[in-house]
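# Structure at a glance
What follows is the residue order along each chain.
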Amino acid sequence: MPSARKSLSDRIAHVSPSSLKKWRECPAMWCLHYLYKFDEDYGPKAWRGLAVEAGLDAVLFQRIKPDAALAIAQQAFDDKAMGEVREDIEAERMKLGDYLQKATTKAIDWPVPLARQVRMEAAMDGVPVPVVGYADYLWPDVVRDLKTTSAMPSAPRPDDLIQASFYSYVQHVPAEL
């Protein structure tokens, strides 16, 4: 009689560097999210990251000045907030200018990227499904991934380094955070 129990590869098409991070942090939450499709609301801090990315996209692809890109970032944030008013939401919205300024200071001299949100996939020994990640920006000679954190760490976080090294491995170019 066949087993009713499904293997991991029957239930999940792939894993990602961020899903592996979730597994390391809390296997129970990983199971809820990836096996039982329980979706968490990531909230204002995640919205901030998406909004900064929208502003940076405008600077990189449309060559909009950083000051004008702030309005794009604010609109992206407001779209996620959907009119909800709370102190934590307003606090994150007020930080957009600082975060976008930090991101654009370095990026203003970069050429236009070849692509953004580039799907990268690799088979890895010991992992029964492909590892898939999405790098924020790709150039011919480098992959860059945007990180928005409250405080600039003295060194990159190990999980961020794992993610960047995965992108570097797949693209055969250096990766930067």
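See above for the structure.
Each chain carries its own residue numbering, running from 1 in the written order of its sequence. Local features in this predicted model are restricted to residues of pLDDT 70 or higher, and side-chain atom pairs are both shown and tallied only at a pLDDT of 80 or more, whereas totals for entire chains, interfaces and linings draw on every residue. Neither water nor hydrogens contribute to the side-chain values; these are computed over all heavy atoms in the structure.

## Observations concerning the nonpolar core
Throughout, nonpolar core names a set of buried Ala, Val, Leu, Ile, Met, Phe, Trp, Tyr and Cys residues whose side chains join them through atoms within 4.5 Å. Only protein chains enter the accessibility calculation, which uses a 1.4 Å probe; a residue is then buried when its area is under 20% of its type maximum, exposed when over 50%, and partly exposed in between. Formed by 21 residues in total, the largest nonpolar core has its most connected members in Val52, Leu56, Leu60, Phe77 and Trp139. Looking at this core, the elements that each hand over two or more residues are helix 4 (43-62), helix 5 (66-81), helix 7 (96-107) and strand 2 (131-139). A per-element tally of this core places helix 4 first, with seven residues. Contacts were defined at the residue level, with two residues in contact if any of their heavy atoms lie within 4.5 Å. Those residues in contact with tryptophan 139 that sit more than four places away from it in its chain are Leu60, Trp110, Pro111, Val112, Pro113, Leu114 and Arg144. Residues Met120, Val131, Ala135 and Val173 belong to the second largest nonpolar core, which totals 15 residues. Runs of H or I in DSSP of at least four residues are treated as helices and runs of E of at least two as strands, each being numbered from the N terminus.

## Description of the pairing of strand 2
Strand 2 sits mainly inside the fold: eight of its nine residues count as buried. As paired strands, strand 1 (residues 115-122) and strand 2 are joined by seven bridges and run antiparallel to one another. Counted as the bridge partner of methionine 120 is glycine 133 from strand 2. Any two strands between which DSSP finds at least two bridges are classified as paired. Pairing geometry for strand 2 and strand 3 (residues 142-144), over three bridges, is antiparallel. Bridging across to strand 3, tyrosine 137 finds its partner in arginine 144.

## Some points on a nonpolar patch on the surface
On the surface, a cluster of nonpolar side chains totalling about 330 Å² of accessible area is made up of Leu32, Tyr36 and Phe38. Positionally, tyrosine 36 belongs in the loop between helix 3 (27-35) and helix 4. Each patch is built from residues that are more than 30% exposed by relative accessible area and take part in no salt bridge. Like charges join if they lie within 9 Å; nonpolar side chains (Val, Leu, Ile, Met, Phe, Trp, Tyr) join within 5 Å. Accessible areas in this description were obtained via Shrake-Rupley with a 1.4 Å probe; residue shielding takes into account the shown protein chains only. Any carboxyl oxygen of Asp or Glu that lies within 4 Å of a side-chain nitrogen of Lys or Arg is treated as forming a salt bridge with it.

## Notes on the sheet that holds strand 1
An order of 1-2-3-4 is seen for the four strands of this open sheet, with the pairing classed as mixed. Strand pairing shows two members of the sheet lacking a second neighbour, strand 1 and strand 4 (175-176), which therefore form its edges. Only C-alpha atoms enter the line fits that serve as axes; for helices the fit covers just the stretch in contact. Angles between N-to-C directions range over 0 to 180 degrees. In this fold helix 4 packs onto strand 1 and strand 2, with an angle of close to 45° to the strand it touches most, strand 2. Contacts from helix 8 (residues 158-171) reach strand 1, strand 2, strand 3 and strand 4 within the one sheet, and its direction differs from that of strand 1 by about 80°.

## Considering the pattern of salt bridges
Applying the stated criterion to the full structure yields 12 salt bridges. Residues glutamate 92 and arginine 48 are paired through a salt bridge, measuring 2.4 Å at the closest nitrogen-oxygen approach. You can see glutamate 92 sitting in helix 6 (residues 87-94) and its partner arginine 48 sitting in helix 4, a full 44 residues away along the chain. The burial state of glutamate 92 is the same as that of arginine 48; both residues are buried. Here the salt bridges share partners, and the residues they tie into one network are Asp145, Lys147, Arg157 and Asp160.

## Looking at the packing of aromatic side chains
Only rings of Phe, Tyr and Trp enter the pairing, Trp through its six-membered ring, and a pair is recorded when the two centres are within 6.5 Å. The plane angle decides the type: under 30 degrees is stacked, over 60 is edge-to-face, the rest tilted. Overall, the coordinates contain five aromatic pairs when judged by the stated rule. Their ring planes at 75° and their centres at 5.4 Å tell us that tryptophan 110 and tryptophan 139 sit as a pair that is edge-to-face. Of this pair, tryptophan 110 sits in the loop between helix 7 and strand 1 while tryptophan 139 sits in strand 2; the two residues are 29 residues apart in sequence, bridging distant segments of the chain. Tryptophan 110 sits in the buried class, given a relative accessible area of 16%. Of the aromatic side chains, those joined through ring pairs into one cluster are Phe61, Trp110, Tyr137 and Trp139. A ring has a charge above it when a Lys NZ or an Arg CZ is no more than 6 Å from the ring centre and no more than 35 degrees off the ring normal. Positioned over the ring face of tyrosine 99 is arginine 48, at 4.3 Å from the centre of the ring. Lying across the ring of tryptophan 110, arginine 144 places its NZ or CZ 3.9 Å from the centre.

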